[in-house]
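# Fold and contact review
Take a look at the letters that make up each chain.
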Amino acid sequence: MIGQARRPRRWLRWTVGVLAGLIVVVVGGTSIYVHLSTAPALLTLPRSAPPGSSASSGSATIDGVWSAGAGSIVGWRAQQVLIGQQSTLVGRTGKVWGSITISGGTVSQGSFGVDMAAVTSAESKSTQRSVFDVSADPTATLALTSPIPLGSDPANGAVRRYQAAGNLTMHGVTRAVRFTVSAERVGTSISLLADITFPFVDWDISVQGVPFLADIQSPAIIEVLLNLNQGAGNAASVTGAVG
């Protein structure tokens with residue numbers, strides 16, 4: 001009887017020991033993964049002539065249509081907590097198109113599109129496409145809703161900052177946004193840099209991770225770097241939402 005009573009206790013101790021070992025392995029492995037994973041640095045202005053431009057000072061006026069070209073990047077950046085370990089998730093794509101129109105020292109209009117199915121990150125393609133519902137809404141757009149006074153034409157290499165307002169459409173939902181744009185004229189190009197605060201819930205996006213294991217923090221940041229040239233820009237192109 002005593003031997004039979006000890007067997008269940010040994011079995012219980014063995015089970016508890018195995019579970020404890022698994023927890024240590026999972027938490028330790030997660031910690032190593034988080035510390036070894038390095039998110040891309042924040043986007044910055046190129047401070048030199050971007051792809052598709054020349055180093056000349058360009059025309060005396062900046063009036064005209066400026067289109068997004070090579071080197072343009074749009075993406076998202078968010079914090080994730082995975083079993084108590086914090087890391088940064090970043091998704092980006094160069095499949096960006098659109099333009100702004102400058103007339104009389106004012107940006108009179110502007111709109112841009114992004115191929116959401118082409119965004120790449122540490123997350124799997126299927127996870128991203130599920131979160132952003134890429135099959136139903138493969139394109140995100142940003143359209144200015146107010147003119148942006150520029151004042152005098154910016155000098156070559158000078159960085160200026162402007163306040164902008166627009167409508168951001170993603171996941172089939174359109175919301176008004178306000179943000180700061182940093183602009184730099186380099187050679188025959190103009191580079192624009194902006195960060196747009198992006199609370200997921202405002203665009204009806206669910207980012208709930210595995211309970212008690214993963215949680216993507218809101219708000220995220222929409223990162224925008226546009227290299228604009230007077231001429232043909234990137235063509236609108238949407239990747240098939242497969243997989």
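Read on for an overview of the structure.

## A word on the pattern of salt bridges
A full pass over the atoms with the stated rule returns three salt bridges. In this structure, Glu 223 and Arg 77 form a salt bridge, with 3.1 Å as the shortest nitrogen-oxygen distance. Placement of Glu 223 in strand E13 (residues 220-229) and of Arg 77 in strand E2 (residues 73-82) is noted, with a sequence separation of 146 residues between them. Linking Asp 115 and Lys 95 is a salt bridge whose minimum nitrogen-to-oxygen distance equals 3.9 Å. You can see Asp 115 sitting in strand E5 (residues 106-115) and its partner Lys 95 sitting in the loop between strand E3 (85-93) and strand E4 (96-103), a full 20 residues away along the chain. The exposure class assigned to Asp 115 is buried, which follows from its relative accessible area of 0%.

## Quick notes on unusual backbone geometry
Where the residue is not glycine, phi is negative for most of them; where a peptide bond is considered, it is trans in most cases. Between Ser 218 and the following residue, Pro 219, the backbone shows a cis peptide bond with an omega angle of 10°. One non-glycine residue with positive phi stands out, namely His 171, at about 60°. Structurally, His 171 is set in the loop between strand E9 (159-170) and strand E10 (173-186). With a phi angle near 55°, Asp 204 is a residue other than glycine that sits in the positive phi range. The residue Asp 204 is located in the loop between strand E11 (189-198) and strand E12 (214-216) in this model.

## A short note on the packing of aromatic side chains
Evaluated as defined, the whole model comprises two aromatic pairs. Taken together, a centroid distance of 5.6 Å and an interplanar angle of 85° make the contact between Phe 198 and Phe 200 edge-to-face. Its relative accessible area of 1% is what places Phe 198 among the buried residues. Take Phe 200: its relative accessible area is 4%, and that puts it in the buried class.

## Description of the environment of Gln 109
Relative to the elements of secondary structure, Gln 109 occurs in strand E5. When the C-alpha atoms of Gln 109 and Ser 146 are compared, they prove to be 7.6 Å apart, with 37 residues separating the residues in sequence. Excluding residues within four positions of it along the chain, Gln 109 makes contact with Ser 99, Ile 100, Thr 101 and Leu 144.

What counts, and at which threshold
- Residues numbered from 1 in each chain as written.
- Predicted model: local features only at pLDDT ≥ 70, side-chain atom pairs only at ≥ 80, totals over all residues.
- Heavy atoms only, no water.
- Salt bridge = Lys/Arg side-chain N within 4 Å of Asp/Glu carboxyl O.
- Helix = DSSP H or I, 4+ residues; strand = E, 2+ residues; numbered from the N terminus.
- Buried < 20%, exposed > 50% of the residue type's maximum accessible area, 1.4 Å probe, protein only.
- Phe/Tyr/Trp six-rings, centres within 6.5 Å; stacked < 30°, edge-to-face > 60°.
- Contact = heavy atoms within 4.5 Å.

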